Amino acid sequence: MKVVIDSAIPFLKGLFEPYADVVYLEGAKFSKEVVADADALIIRTRTRCNKALLEGSKVSIIATATIGFDHIDLDYCRARNIVVATSAGCNARGVLQWVSSLLALLAKRDNFRPEERTIGIVGVGNVGSLVKEYAEAWGFRTICSDPPRKEREGGDFVSLEEVLRQTDIVTLHTPLDATTFHLINPDNISLLRSGAVLINASRGEVLETAATKRTDITYAIDVWENEPHIDRALLDKAIVTTPHIAGYSLQGKANASAMAVHAVAQHLGLPLTDWYPEGVSPSAPRPISWVDMCDTIEQHCDLLTESKSLRSAPEAFESLRNNYQYREEYF
């Protein structure tokens, strides 16, 4: 039995060795030759799992320690009976706290109270639902757009265009697929009011870089089109610029690793289906007041300092991301 693992995924060294031959590689260095005799792959977004990589291989399961799955050719995997497991929801609270830190930063900059602002949430899944819950508890008005949920559930979801027109702050939390590629583009970004804030902590290609030419709105960017080759003009103008680490909390990373391990262990019949990283305490969700959050969030998620690191060395995007010191979730 052979398992190939992205070497940047934490907590996994030594875990599978009693049961399988294990190869650790940088995500971009997975090759057809290496995976040919592998039974399982544990990956991140930097590994493109498609016919070019998988054709002729023994791979029967791909577990990605990420929420997103656009790096995996799902149609090809279905046709080859390759199981695909994601870690959906693993880092939702990490992203929540990144967004919360940004809201505190904006409130300090612009001197507003939550009840004076409307937040538009585009994509109301694991992350968007938490953002909505906490934002409303703090006093923000929220307007939500989520076409798949609207179709399934009805409810008071509105169109993307309505969100862009009616809100002061728009935060993107959609997966990346054919319907969300360049969801925000030069045509519809014009609907944002002057002075609005646009946040992207979803996937880079959800926001078309060509749309970010407006200088009368504020950008806060964690995920970038064409990572790691990020747009320097957007880097210069955004108020917050982080290297795809919004969800990089200690608990989020532990959850992602555990979910990937459980999926592979169950599929291959290994005794690791209850494994969780030793020494990591799962997060303990709790309510927190707006004042308390604003007073404490910088100690846990200092976005201005993190932004300076990327601005000073944008060519080090991958290194900054891979060597990031994971934050502790505290609400």
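Draft legend 1. Molecular detail of the overall build of the chain. From N to C terminus, the chain includes 12 helices and 11 strands. The C-alpha atoms of the chain give 20 Å as radius of gyration, which agrees with the globular expectation for 331 residues (20 Å, within 12%). Along the first, second and third principal axes, the C-alpha set of the chain runs to 60 × 45 × 40 Å. A buried classification covers 56% of the 331 residues belonging to the chain. By sequence separation, contacts in the chain at least 24 residues apart represent 58% of the contacts at least 6 residues apart. Counting only carbon and sulfur atoms, one obtains 49% of the accessible surface of the chain, whose full area is about 14400 Å². Put simply, the chain has 34 plus and 44 minus side-chain charges, and the middle of one group is 2 Å from the middle of the other.

Draft legend 2. Region of the structure containing the sheet that holds strand S3 (residues 40–43). On the basis of which strands lie adjacent, the open sheet formed by five strands has the order S2-S1-S3-S4-S5 and parallel pairing. In this open sheet, the two strands that pair with only one neighbour each are strand S2 (21–25) and strand S5 (83–85). Each strand axis lies, on average, 15° off the axis of its neighbour in the sheet, ignoring direction. Pairing of strand S4 (residues 61–64) with S5, which is carried by three bridges, proceeds in the parallel orientation.

Draft legend 3. Structural view of the environment of Asn 322. With respect to the helices and strands, Asn 322 occurs in helix H12 (residues 317–322). On the basis of relative accessibility, which here comes to 35%, the residue Asn 322 falls in the partly exposed class. Placed 27 residues apart in sequence, Asn 322 and Asp 295 show a C-alpha to C-alpha distance of 29 Å. Once residues lying within four places of it in the same chain are set aside, the contact partners of Asn 322 are Ala 8 and Arg 44. A distance of 3.1 Å separates polar atoms of two side chains, one belonging to Asn 322 and the other to Arg 44.

Draft legend 4. The packing of aromatic side chains, seen in detail. Scanning the entire structure with this criterion turns up nine aromatic pairs. Ring plane angle 75° and centroid distance 6.4 Å describe the contact between Phe 112 and Phe 140, whose orientation is recorded as edge-to-face. In this pair, Phe 112 sits in the loop between helix H4 (92–110) and strand S6 (118–122) while Phe 140 sits in the loop between helix H5 (126–138) and strand S7 (141–145), placing the two residues 28 residues apart along the sequence. With a relative accessible area of 7%, Phe 112 lands in the buried category. Among the residues examined, Phe 140 registers a relative accessible area of 4% and is labelled buried. Judged by centre distance (4.9 Å) and plane angle (80°), the ring pair of Tyr 330 and Phe 331 falls under edge-to-face. Here the two residues Tyr 330 and Phe 331 agree in accessibility, since each one is buried. Here a set of aromatic residues connected by ring pairs shows up, and it is made of Phe 112, Tyr 134, Trp 138, Phe 140, Trp 290, Tyr 330 and Phe 331.

Draft legend 5. Spatial organisation of the pattern of salt bridges. One pass over the structure, following the stated rule, counts 17 salt bridges. With its nearest N and O atoms 3.0 Å apart, the salt bridge here joins Glu 153 to Arg 149. One end of the pair, Glu 153, and the other, Arg 149, are both in helix H6 (residues 147–153), four residues apart, so they sit about a helical turn from each other. The salt bridge involving Glu 162 is made with Arg 165; its shortest N-O contact spans 2.9 Å.

Draft legend 6. Region of the structure containing the pairing of S6. The buried fraction of S6 is high, at five of five residues. Residues Thr 118, Gly 120 and Val 122 point to one face of S6 and Ile 119 and Ile 121 to the other, with burial holding for every one of them. Across five bridges, the pairing between S6 and S7 is parallel. Pairing of Ile 121 across the sheet is with Cys 144, part of S7. Once the chain exits S6 it traverses H5 before rejoining the sheet at S7, and the crossover so formed is right-handed.

Draft legend 7. Spatial organisation of the sheet that holds strand S11 (residues 240–241). If you walk across this open sheet you meet the six strands as S7-S6-S8-S9-S10-S11, and the pairing is parallel. Among the strands making up the open sheet, the edge pair consists of S7 and S11. Of the strand pairs in this sheet, strand S10 (residues 218–221) and S11 are connected by two bridges, and their pairing is parallel. Among the inter-strand pairings, Ala 220 is bridged to a residue of S11, identified as Val 240. Relative to the sheet, H4 contacts S6, strand S8 (169–172), strand S9 (197–200), S10 and S11, its axis offset from that of S10 by approximately 155°.

Draft legend 8. Molecular detail of the nonpolar core. Residues Trp 98, Leu 102, Trp 138 and Phe 331 are the most contacted members of the largest nonpolar core, which totals 43 residues. Of all the elements in the fold, those that place two or more residues in this core are H4, S6, H5, S9 and helix H10 (290–300). A per-element tally of this core places H4 first, with 11 residues. Leave out the neighbours within four places in its chain, and Leu 102 touches Ile 199, Ala 220, Val 240 and Leu 303. Core analysis: the next-biggest nonpolar cluster, separate from the first, contains 27 residues, Val 163, Val 170, Leu 176 and Ile 221 among them.

About the criteria used
In every chain, residue numbers begin from 1 and rise along the written sequence. It should be noted that, the model being predicted, local features are given only for residues of pLDDT at least 70 and side-chain atom pairs only at 80 or more, the latter also being counted only at that level, while totals for whole chains, interfaces and linings use all residues. Excluded from the side-chain calculation are hydrogens and water; included are all heavy atoms of the structure. Under the scheme used here, helices are H or I runs from DSSP no shorter than 4 residues and strands are E runs no shorter than 2 residues, and both carry numbers assigned from the N terminus. As defined in this context, the radius of gyration uses C-alpha atoms, and a globule is described by 2.2 Å times the residue total to the power 0.38. The classification of residues rests on relative accessible area computed with a 1.4 Å probe and restricted to protein chains. Under 20% of the type maximum is buried, over 50% is exposed, and intermediate values are partly exposed. We call two residues in contact when some of their heavy atoms are within 4.5 Å. Note that accessible areas follow from Shrake-Rupley with a 1.4 Å probe, and for residues the cover is restricted to the protein chains shown. Charge assignment in this entry is limited to Lys and Arg as positive and Asp and Glu as negative, and neither His nor the chain termini are counted. By convention, charge coordinates are those of NZ in Lys, CZ in Arg, CG in Asp, or CD in Glu. If DSSP finds at least two bridges between two strands, the strands pair. Between the N-to-C directions of two axes lies an angle of 0 to 180 degrees, each axis being a line fitted to C-alpha atoms and, for a helix, fitted only over the stretch in contact. As used in this structure description, the phrase polar contact means that two N or O atoms lie within 3.5 Å; if the pair is within protein, one of them must be able to donate a hydrogen and the other to accept it, and residues adjacent in sequence are counted only when both atoms belong to side chains. In this scheme Phe, Tyr and Trp rings, the latter by its six-membered ring, pair at centre separations within 6.5 Å, and the angle between planes marks the pair as stacked below 30 degrees, edge-to-face above 60, and tilted otherwise. Only one rule defines a salt bridge in this text: a Lys or Arg side-chain nitrogen within 4 Å of an Asp or Glu carboxyl oxygen. When the strands point away from the viewer and the path from the first strand over the helix to the second turns clockwise, the crossover is right-handed. Buried Ala, Val, Leu, Ile, Met, Phe, Trp, Tyr and Cys residues that are joined via side-chain atoms within 4.5 Å together make up what is termed a nonpolar core.

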